[in-house]
Amino acid sequence: MSVKTPEGTGVESVSHAGLQPFLHDRVVTLHAPAFAVSRPDGQIHDGADGFYHGERRALARLSVSADAGPAAPVSGGLEGADRALFRAVLRGVAETTADPAVVLERRRATAPGRLTESLRVRNSGRIPALIRLTVDAGTDLATMEQVKAGRPPGPAAAAIDVATGTTLVWTDATVTVRLTGFPAPTGIEAGAAGGRLHYDVALAPGDVWDADLVCTAEDAEGEPFPAAAPGSPPWRTPRVRSADRRLDAWLDRSHADLERLLLADPRRPDDLFLAAGAPWFATLFGRDSLWAARMLLPLGTRLAASTLRILARRQGTVTDPATQEQPGKILHEVRRAGLRLSGKSASLPPVYYGTVDATPLWVTLLHDAWRWGLDPAEVEALLPHAERALAWMSEYGDADGDGFLEYVDTTGAGLANQGWKDSGDGIQYHDGRLAAPPIALCEVQSYAYEAARGGAALLRAFGRPGADRWEEWAERLKSRFREAFWVEDARGPYPAVALDRDKRPVDSVTSGFGHLLGTGLLEPDESALLAERLAGSDLDSGFGLRTLSSDSGGYNPLGYHIGSVWPHDTAIAVHGLARAGFPEPAVALATGLLHASGDFDARLPELFAGYGTDSGSRPAPYPAACRPQAWAAASAVLVLQSLLGLAPDAPHATLTISPQVPRALLPLRATGLELAGAPLEIALSADGTPTIQAPPGIAVQTAG
């Protein structure tokens, strides 16, 4: 239904109660744990719009209007991860020709617990202008769960701070929100639906008027994870200069977003991790934070080390069916309050362990960080946690003893699917039927294989027992996988996406192939089959990999995990193809992501629609996707690593490089990389000849 906003805003919004709000046309500025969501013209007034601090919406409405004439937006967008600029012409004001004369400028800056909107009105006309500006503000103090579900509460009443007489205040049992104008407004109103600030602005020709709107949010309960302390991020600043500036812009924007997604561990504030994404997932997610840290290893190991420690502090110690905690298990997510799932009567608990893949991914990140040069003392301190994680794989992850990691939601109120494709319809047969749990995912077996092999390497290198056991475990898994997962269709053999509760292969063709490549789980001839499959038009949309083949019965290009394109998923496939020795499809997929990045203004979203280049020249958004998202942003670094062919072995003081950079990107120079704690720079000439400045003591060898 159509709902008029308060008089004077000059805009109209549409409310769809009970539906998740769309985000694809929104501008998001962030400095975790705070972020702001607005329309492209800067107005905040419906849907998911708002200024948020942590998991509460501090402002749901912040609109600026003028009674002197309608405001016509002329430009708007990001100026940085935490900043935006919007301009609008006040039509008919001080105009003596057809040219606009008076412009309203709105600069936004987001900081933890604080939003600043700097207003500027400039009269470039030849006659004076008299304008009344009205700032309309309101909030519902909604939780993120309520906003995401499309069912926010009614408006909270505004009051005027009696101490100042110039500040609007909203409060409940835990949150206090204040909105103050500087200078003081000409007039102020407050009521049950919100409040208004009025400014009477008189401008002579050439005059400029400035004011700041400052909103602060204070939460008496505090945040589960506070903002990172000011300073440099725990990685080097990457810089790429190439012949295709889309790559340069993608990396620059991704780096800025990642820096603003950082949060700290309250138990040890100097340990930082990447929140999964804004607005829906601005907290600790085991899987997401691990993948993002792994993708950023070419920039240094500090983020990986702190992410590993943060999750190790919360590693499972007991068996708790309600939270799905188990000894040695790495958690799925942490929120201050539970999260109600769509269509379910119960909520996830605040600390939830319902994930099958975070535990092996934790072990692999530790191994990979060691290979990139993490201090041996830091590695050794985490080895007891690695041993417990490995034990979880065989004792709890393989609940029925068949040799595969599988999952099942025993509570009936948690996530039905517990791999990264965790939507309820994410795992299905080729004909669209849903798989019944317990479910063993193909990519999770590859994670387990990598973890067992990497864990064995760590145990052996540090003189701890168990290396032989885990190598043997991995080889048995490899053999069992070949026997149980491989199926065949008219195009030949391929691994099923999963085994269902009856150990039947779930025969859909998915992007999961990319997660198997380069892990060692497959033989070379098997890898070749999957490389060919990934290059097919049913999976490769031209902008990245579809999560589900377009030939499948359940394919939906706007399905969350059943046909959409996820940048991190495609980047993992690019890396797997490069590691497995298939540069051509790796380059093709990387080029598709590069194309998409340009069309999303260098800020790739969490996911986008699976429509291909054969149906349009630009990728279509998935309307409710987070943007930015940590692993979507970090995928830029993993793609760069894959194209450069970087394979580090810091414990043995070597670096192997095998560049497979498309000619369209050459010449290329990459700085801000790191190996063994020291700078690494790589330049490729127009003909692809590499020049490498490696850290002292590191031997560089080229391959391919």
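No experiment lies behind these values; they were computed from the predicted model shown. (Residues numbered from 1 in each chain as written. Predicted model: local features only at pLDDT ≥ 70, side-chain atom pairs only at ≥ 80, totals over all residues. Heavy atoms only, no water.)

Student: What's the story with the pairing of strand 27 (residues 486-489) in this structure? I'm lost.
Tutor: Side chains on a regular strand alternate between the two faces of the sheet. By the bridge criterion, four bridges tie strand 27 to strand 28 (residues 492-495) in an arrangement that is antiparallel. Counted as the bridge partner of W486 is P495 from strand 28. Joining the antiparallel neighbours strand 27 and strand 28 is a turn of two residues. (Pairing = 2+ DSSP bridges. Helix = DSSP H or I, 4+ residues; strand = E, 2+ residues; numbered from the N terminus.)

Student: Explain the pairing of strand 15 (residues 175-182) here, please?
Tutor: Looking at chain direction, strand 14 (residues 167-171) and strand 15 are connected through five bridges and run antiparallel. The partner of V169 across the bridge, within strand 15, is R178. Adjacent in sequence and paired antiparallel, strand 14 and strand 15 are bridged by three residues.

Student: Quick question: what am I supposed to make of helix 8 (residues 467-485) here?
Tutor: Each α-helix turn comprises 3.6 residues. Residues three or four places apart therefore point the same way. Counted at 1.5 Å a residue, the expected span for helix 8 with its 19 residues is 27 Å, and the 26 Å between its end C-alpha atoms agrees. Turning to helix 8, its buried residues are A467, W470, W473, A474, L477, K478, F481 and F485. Taken end-on, helix 8 shows its buried residues confined to a sector of 140°, consistent with a single buried face. (Expected span 1.5 Å × (residues − 1). Buried < 20%, exposed > 50% of the residue type's maximum accessible area, 1.4 Å probe, protein only. Arc of directions from axis to C-beta.)

Student: Hey, could you run me through the environment of R107 in this one?
Tutor: Relative to the elements of secondary structure, R107 occurs in strand 10 (residues 102-111). Judged by relative accessible area, which is 39%, R107 ranks as partly exposed. In this structure, the C-alpha to C-alpha distance between R107 and G76, residues 31 residues apart in sequence, is 9.6 Å. In this structure, R107 is in contact with A84, L85, R87, T116, E117 and S118, ignoring residues within four places of it in sequence. Of the polar contacts made by the side chain of R107, one reaches the side chain of E105; its length is 3.3 Å. (Contact = heavy atoms within 4.5 Å. Polar contact = N/O pair within 3.5 Å; in protein donor to acceptor, adjacent residues only side chain to side chain.)

Student: Teacher, can you tell me more about the packing of helix 6 (residues 376-397) against helix 8 here?
Tutor: When two helices pack together, their arrangement is given by the angle between the helix axes and the distance between those axes. Two elements in contact, helix 6 and helix 8, have axes separated by 12 Å at closest approach and are oriented at 45°. One way to sum up the angle between helix 6 and helix 8 is to call them oblique. Once helix 6 is placed against helix 8, the crossing between them reads as left-handed. Packed against helix 6, whose contacting residues are L390, A391, M393 and S394, the element helix 8 presents R469, W470 and W473 at the interface. Tallied by class, residues from the contact of helix 6 with helix 8 come to five nonpolar, one polar and one charged. (Axes fitted to C-alpha atoms, helices over the stretch in contact; angles between N-to-C directions. Parallel < 35°, antiparallel > 145°, perpendicular 65-115°, else oblique. Left-handed = near helix turned anticlockwise from the far one by under 90°. Nonpolar A, V, L, I, M, F, W, Y, C, P; charged D, E, K, R; others polar.)

Student: Would you take a moment to explain the packing of aromatic side chains for this structure?
Tutor: The relative placement of two aromatic rings is captured by the distance of their centres and the angle of their planes. This model, assessed by the stated rule, comprises 16 aromatic pairs. Taken together, a centroid distance of 5.5 Å and an interplanar angle of 65° make the contact between W470 and W473 edge-to-face. With a gap of three residues between them, W470 and W473 both fall in helix 8, about one helical turn apart. Residue W470 is classed as buried on the basis of its relative accessible area, which comes to 4%. Three or more aromatic residues link up through ring pairs in this structure, and these residues are W420, Y560, W566, Y622 and W631. The ring of W280 has K148 lying over it, and the distance from NZ or CZ to the ring centre is 5.8 Å. A cation sits over an aromatic face here: R433 above Y429, 4.2 Å from the ring centre. (Phe/Tyr/Trp six-rings, centres within 6.5 Å; stacked < 30°, edge-to-face > 60°. Lys NZ or Arg CZ within 6 Å of the ring centre and 35° of its normal.)

Student: Would you mind showing me how to read the sheet that holds strand 36 (residues 699-702) here?
Tutor: Across a sheet, paired strands are connected by hydrogen bonds in the backbone, their directions being either parallel or antiparallel. Overall, mixed pairing links the three strands, which are arranged 31-32-36 in an open sheet. Edge positions in the open sheet fall to strand 31 (646-649) and strand 36, since each of these has one partner strand only. When the angles between neighbouring strand axes are averaged without regard to direction, this sheet yields 20°. Two elements, strand 32 (residues 654-657) and strand 36, share four bridges in a ladder whose sense is parallel. Across the sheet, residue L655 finds its bridge partner in strand 36, namely V700.

Student: Can you walk me through the environment of L251 in this structure?
Tutor: Here L251 lies in helix 2 (residues 245-260). Classification of L251 as buried rests on a relative accessible area of 4%. Measuring from C-alpha to C-alpha, the distance between L251 and A158 comes to 43 Å, with 93 residues separating the pair along the chain.

Student: Sorry, what's going on with the sheet that holds strand 3 (residues 27-31) here?
Tutor: A sheet is described by the order of its strands in space; here four strands give the open sequence 3-4-5-6, paired in antiparallel fashion. With one partner strand each, in any of the chains shown, strand 3 and strand 6 (56-59) form the two edges of the open sheet. Averaged over neighbouring strand pairs, the angle between their axes works out to 25° when direction is ignored.

Student: Before we go on, may I ask you to explain the pattern of salt bridges in this structure?
Tutor: Two side chains with opposite charge may pair up if their charged atoms get near one another. Counted by the stated rule, this structure contains 54 salt bridges. The shortest N-O distance in the salt bridge between D252 and R239 comes to 3.6 Å. On the criterion of sequence distance, the pair formed by D252 in helix 2 and R239 in strand 19 (residues 239-242) is long-range, its members being 13 residues apart. Classification of D252 as partly exposed rests on a relative accessible area of 27%. A cluster of three or more residues bridged by salt bridges with shared partners is formed by D265, D271, R309, R313, R314 and E378. (Salt bridge = Lys/Arg side-chain N within 4 Å of Asp/Glu carboxyl O.)

Student: Is there a simple way to explain the confidence of the model for the chain in this structure?
Tutor: Low pLDDT marks stretches whose predicted atomic positions should not be read closely. Averaged over all residues, the pLDDT of the chain equals 95, while 96% of them reach at least 70. Under a pLDDT of 50 for its full length, residues 1-15 has, in the predicted model, 26 contacts with residues more than four places off or in other chains. (pLDDT = per-residue confidence, 0-100.)

Student: I'm lost on the packing of helix 3 (residues 286-295) against helix 4 (residues 302-313) in this one. Help?
Tutor: At a minimum axis separation of 9 Å, helix 3 and helix 4 run at an interaxial angle of 160°. On the basis of their axis angle, the class for helix 3 and helix 4 is roughly antiparallel. Every pair of crossing elements has a handedness; the one defined by helix 3 and helix 4 is left-handed. Contacts between helix 3 and helix 4 involve G286, S289, L290 and A293 from the first element and L303, A304, T307, L308 and L311 from the second. Partitioning the contact of helix 3 with helix 4 into residue classes produces six nonpolar, three polar and no charged.

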